[in-house]
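Residue strings, one per chain:
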Amino acid sequence: AQSVTQPDIHITVSEGASLELRCNYSYGATPYLFWYVQSPGQGLQLLLKYFSGDTLVQGIKGFEAEFKRSQSSFNLRKPSVHWSDAAEYFCAVEGQAGTALIFGKGTTLSVSS
Amino acid sequence: DVKVTQSSRYLVKRTGEKVFLECVQDMDHENMFWYRQDPGLGLRLIYFSYDVKMKEKGDIPEGYSVSREKKERFSLILESASTNQTSMYLCASSHHGGLAGSNEQFFGPGTRLTVL
């Protein structure tokens, strides 16, 4: 069965420091992977997605993620974190086209000044 | 600008009441989804629909039902609300077909339901 694991429940990063949020997936075939962000009191917004091609994916707000099949990982990175990046981040995997996403439990990012 | 709207941001109901949560999308999407979000549990799929009048159970359908009479509208129904249904409810929609992985899900702002 497909599953997504986000090992870190909560991460605190200093403003201006780099960020990496971890995501591991379990899926037999080629996974289709997503990162979403949820600001407090808001719905989810898509940051980026991977479904083929270049394994380094660029997203909005300066985020990128790298798909590593050998490690079953799709980690999210940002070189310099801003205070407005404080939010909850969800990694998700999709199975067949058009089916529901399976989400990880999320990582809460706090940004310290 | 694409939009998924939910009828209420906050809702307080009493145990045993029948509760309707409405979701409307203006993107002509075929797929619509209802999730609930709880701290430490992430998002869990309750029901989804591929087309009008069609529905599929998700991971946690117990205590819920859905209705999709029009393409743009997907309703979640709590037949007899219970305190353990206190949660954040998120609606989403996406296109069906095309390249797998290209069917981004668009989310509404959520409804925070409290059952007393």
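Before reading further, recall that the structure is shown in the block above.
Residues numbered from 1 in each chain as written. Chains lettered and ligands numbered in written order. Predicted model: local features only at pLDDT ≥ 70, side-chain atom pairs only at ≥ 80, totals over all residues. Heavy atoms only, no water.

### Some details on the overall build of chain A
Okay, so step 1: When helices and strands are tallied, chain A shows 0 helices and 12 strands.
Okay, so step 2: Counted from the first residue to the last, chain A has its helices and strands arranged as β-β-β-β-β-β-β-β-β-β-β-β.
Okay, so step 3: For a compact globule of 113 residues, the expected C-alpha radius of gyration is about 13 Å, and chain A comes in at 13 Å, within 12% of that figure.
Okay, so step 4: Judged by the C-alpha coordinates and their principal axes, chain A covers about 40 × 30 × 20 Å. (Helix = DSSP H or I, 4+ residues; strand = E, 2+ residues; numbered from the N terminus. Rg over C-alpha atoms; globule rule 2.2 N^0.38 Å.)

### Points about the nonpolar core
Okay, so step 1: If you look at the biggest cluster of nonpolar residues, it comprises 25 residues, and the most contacted ones within it are L19, W35, L47, L48, F74, L76 and Y89 of chain A.
Okay, so step 2: Residue assignment for this core shows that the elements contributing at least two residues are β2 (10–14), β3 (19–21), β5 (32–38), β6 (44–50), β8 (64–68), β9 (73–78) and β10 (87–94) of chain A.
Okay, so step 3: At 4 residues, β10 of chain A tops the list of elements feeding residues into this core.
Okay, so step 4: The contacts of L76 of chain A, once residues within four sequence positions are left out, are L19, E20, L21, W35, L47, L48, F63, E64, A65 and Y89 of chain A.
Okay, so step 5: Membership of the second largest hydrophobic core comes to 21 residues, among which are L11, M27, Y89 and C91 of chain B. (Core = buried A, V, L, I, M, F, W, Y, C linked by side-chain atoms within 4.5 Å. Buried < 20%, exposed > 50% of the residue type's maximum accessible area, 1.4 Å probe, protein only. Contact = heavy atoms within 4.5 Å.)

### A word on the layout of surface pockets
Okay, so step 1: The volume enclosed by the largest pocket comes to roughly 380 Å³.
Okay, so step 2: The wall of the largest pocket is formed by 21 residues, among which G43, L44 and Q45 of chain A together with F107 and G108 of chain B lie closest to the centre.
Okay, so step 3: Within the residue set of the lining of the largest pocket, elements represented by two or more residues are β5 and β6 of chain A together with β10 (106–107) of chain B.
Okay, so step 4: When its residues are assigned to classes, the lining of the largest pocket shows 10 nonpolar, 7 polar and 4 charged.
Okay, so step 5: Volume-wise, the second largest pocket comes out at about 200 Å³.
Okay, so step 6: E88 of chain A together with Q37, D38, P39 and R112 of chain B are, among the 15 residues lining the second largest pocket, the residues nearest its centre.
Okay, so step 7: Of all elements in the fold, only β10 of chain A together with β4 (31–38) and β9 (87–94) of chain B reach the threshold of two or more residues within the lining of the second largest pocket.
Okay, so step 8: Here the residues of the lining of the second largest pocket are counted per class, giving 3 nonpolar, 8 polar and 4 charged. (1 Å grid on protein atoms, 1.4 Å probe; cavity = no way out; pocket = protein on both sides within 12 Å on 5 of 7 lines; lining within 4 Å. Points joined across faces, edges and corners; volume = space filled by probe spheres on them. Nonpolar A, V, L, I, M, F, W, Y, C, P; charged D, E, K, R; others polar.)

### Some thoughts on the interface of chain A and chain B
Okay, so step 1: Counting from both sides, the interface comprises 22 residues of chain A and, opposite them, 25 residues of chain B.
Okay, so step 2: Taken over both partners, the interface formed by chain A and chain B buries close to 1800 Å², and the fraction arising from carbon and sulfur atoms is 57%.
Okay, so step 3: The tally of links between chain A and chain B comes to 0 salt bridges.
Okay, so step 4: For the side of chain A that touches chain B, the secondary-structure elements that each account for two or more residues are β5, β6, β10 and β11 (101–103) of chain A.
Okay, so step 5: No other element matches β5 of chain A, which puts 4 residues into the side of chain A that touches chain B.
Okay, so step 6: Looking at side-chain class alone, the side of chain A that touches chain B contains 11 nonpolar, 7 polar and 4 charged residues. (Buried area = accessible area lost by both parts, 1.4 Å probe. Salt bridge = Lys/Arg side-chain N within 4 Å of Asp/Glu carboxyl O.)

### Let's talk about the pairing of β9 of chain A
All names here are of chain A.
Okay, so step 1: Among the 6 residues that make up β9, 5 are buried, leaving the element largely enclosed by the rest of the structure.
Okay, so step 2: Relative to β9, β3 is paired through 3 bridges, and the arrangement is antiparallel. Residue pairing across strands places L19 opposite K78, the latter belonging to β9.
Okay, so step 3: If you look at the hairpin formed by β8 and β9, you'll find 4 residues sitting between the two strands, and S72 has a positive phi there, around 50°. (Pairing = 2+ DSSP bridges.)

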